[in-house]
Each structure stands twice: as C-alpha cells, then as structure tokens.
Amino acid sequence: MATTTSVPETYPLDAQLACARDSVLTTLSSACSTEGSYAGNDDETCPCDGVAGIISLVGDISWSLMWTFPQQVATQLAVRFAGFDIEYESDDMTDVVGELANVLAGEALARLDALGVKATMGLPMVVRGTNLNLMLPDGTPRIHLRFSCDEGPFYLILGARKQA
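Structural notes, computed from the coordinates.

**Some thoughts on the packing of aromatic side chains**
Point 1. Scanning the entire structure with this criterion turns up 5 aromatic pairs.
Point 2. The rings of Tyr-38, Trp-67, Phe-69, Phe-147 and Phe-154 are connected pair by pair, giving a single aromatic cluster.
Point 3. Note that Arg-21 overlies the ring of Tyr-38, its terminal NZ or CZ placed 5.5 Å from the centroid.
Point 4. Seen from the ring of Tyr-88, Arg-128 lies directly overhead, with NZ or CZ sitting 5.4 Å from the centre.

Take a look at the structure:
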C-alpha cells in the first residue's frame, strides 16, 4: 500500500537555509572538486561584484537563488568545473555559471524532495556586473549566505517563502 507524505503546513526558514547551505557545499565539492566552508548568514548586502547564476524553484515553496562569484573566484572555479581556462568575459563563463546554478538547483530539489517538499526549477539566468542585487517582492525574506573556499569568498542570496 502506497503512502503519501504531506508537506508541512509551514516550512521553517531555518530548514530552508540549512537545505540551501548544504546544497551549495555539496555542489561545490561534486562539480568543482573543491571544499568550501559556510561562513554565516545575515541580512546585510554581500559584495556582489562579479558574475551570478540565478535560478528559481517553485512548488510547495518558492525560492529565488542567486549564486555569486567575484571575478577571480569565478575564473578559478570555472577551470575546476570545465577542466580548462575560461575567460571571465566569454560566453563560456556564462555557460559555466548557468550550469553551476542548474547543478545547485538539482541538489536543492533532491534535498527538498527527501523532506517531502515538492518543487520544480526554472531556467537559469546569468548576470555579470558590479553591485549585483537580487530584487524580490516586499515581504520576501532575503538572506545572504557567505562561503569561502581555497579560490576565495562567494555568496548565495536566498529569497524564500512558502507558496500561497
């Protein structure tokens, strides 16, 4: 006899943050063969000058994820991911960052599914520039998760709320 697991009436933000944090660390390790460490989270704006992969997850929850890398970190992680040098301003860098966002979203979906939370991912977008900021509707919590690895610091900005 099949059983179903219902989605919790509320999905605490702390659980969402743990899922996002662990997804980043697993993705970094599996896709880039480097270990990262979580350095905390806050509501302060992280220095988001560089390149970012943005992807949304929608279903029982709504997430917007913006994984940001300073230029030097992006170029070093791109080598680890692709196996060859990639110029920062190239279309190949856009492809690498978009694919990293896809891998991150896939990892997050697997973790959410294990918790009984159903969601699907959208298409990734990549932006490059200075003072990058994830703009969200009023009332949507936005948390900046700080990380570091041997290649340098990087950030995940998570906008998350329960689907109405």
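**Overview of the packing of helix α2 (residues 71-82) against helix α3 (residues 91-114)**
Point 1. Direction vectors running N to C along α2 and α3 enclose 75°, while the axes themselves pass 10 Å from each other. The pairing of α2 with α3 is recorded here as roughly perpendicular in orientation. Across the interface between the two elements, Ala-74, Thr-75, Ala-78 and Phe-81 from α2 touch Met-93, Val-96, Glu-99 and Leu-100 from α3.
Point 2. For the contact of α2 with α3, a count of residues per class yields 6 nonpolar, 1 polar and 1 charged.

**What to know about the pattern of salt bridges**
Pairing is possible between side chains of opposite charge, provided their charged atoms come close.
Point 1. Inspection of the entire model under this criterion finds 5 salt bridges.
Point 2. Between Asp-22 and Arg-21 there is a salt bridge whose closest N-O contact spans 3.1 Å.
Point 3. Look at Asp-22 and you get partly exposed, because its relative accessible area is 26%.
Point 4. Of the charged contacts in the structure, one is a salt bridge between Asp-113 and Lys-118, with a shortest N-O distance of 2.4 Å.

**Describing unusual backbone geometry**
Point 1. Even without glycine at this site, Ser-33 takes up a positive phi of about 50°.
Point 2. One can find Ser-33 in the loop between α1 (13-32) and β1 (36-42).
Point 3. Here Ser-33 falls in the exposed class, since its relative accessible area comes to 53%.

**So, α2**
Point 1. The first and last C-alpha atoms of α2 sit 16 Å apart over 12 residues, in line with the 16 Å expected at 1.5 Å per residue.
Point 2. Of all the positions in α2, only Val-73, Ala-74, Leu-77 and Ala-78 are classed as buried. One side of α2 carries all its buried residues, which in axial view fall inside an arc of 130°.
Point 3. The positive-phi residue at the C-terminal boundary of α2 is Gly-83, with phi of around 90°.

**Side note on empty space enclosed by the protein**
Point 1. Enumeration according to the criterion identifies 1 cavity of 30 Å³ or more in this entry.
Point 2. Taken as a whole, the largest cavity spans an internal volume of roughly 40 Å³.
Point 3. Taken together, Phe-69, Ala-74, Leu-77, Ala-78, Met-93, Val-96, Val-97 and Leu-100 make up the lining of the largest cavity.
Point 4. Counting residues per element, the ones that place at least two in the lining of the largest cavity are α2 and α3.
Point 5. Broken down by element, the lining of the largest cavity gets its largest block of residues, 4 residues, from α3.
Point 6. Here the lining of the largest cavity is composed, by residue class, of 8 nonpolar, no polar and no charged.

Rules used in this analysis
- Residues numbered from 1 in each chain as written.
- Predicted model: local features only at pLDDT ≥ 70, side-chain atom pairs only at ≥ 80, totals over all residues.
- Heavy atoms only, no water.
- Phe/Tyr/Trp six-rings, centres within 6.5 Å; stacked < 30°, edge-to-face > 60°.
- Lys NZ or Arg CZ within 6 Å of the ring centre and 35° of its normal.
- Axes fitted to C-alpha atoms, helices over the stretch in contact; angles between N-to-C directions.
- Helix = DSSP H or I, 4+ residues; strand = E, 2+ residues; numbered from the N terminus.
- Parallel < 35°, antiparallel > 145°, perpendicular 65-115°, else oblique.
- Contact = heavy atoms within 4.5 Å.
- Nonpolar A, V, L, I, M, F, W, Y, C, P; charged D, E, K, R; others polar.
- Salt bridge = Lys/Arg side-chain N within 4 Å of Asp/Glu carboxyl O.
- Buried < 20%, exposed > 50% of the residue type's maximum accessible area, 1.4 Å probe, protein only.
- Expected span 1.5 Å × (residues − 1).
- Arc of directions from axis to C-beta.
- 1 Å grid on protein atoms, 1.4 Å probe; cavity = no way out; pocket = protein on both sides within 12 Å on 5 of 7 lines; lining within 4 Å.
- Points joined across faces, edges and corners; volume = space filled by probe spheres on them.

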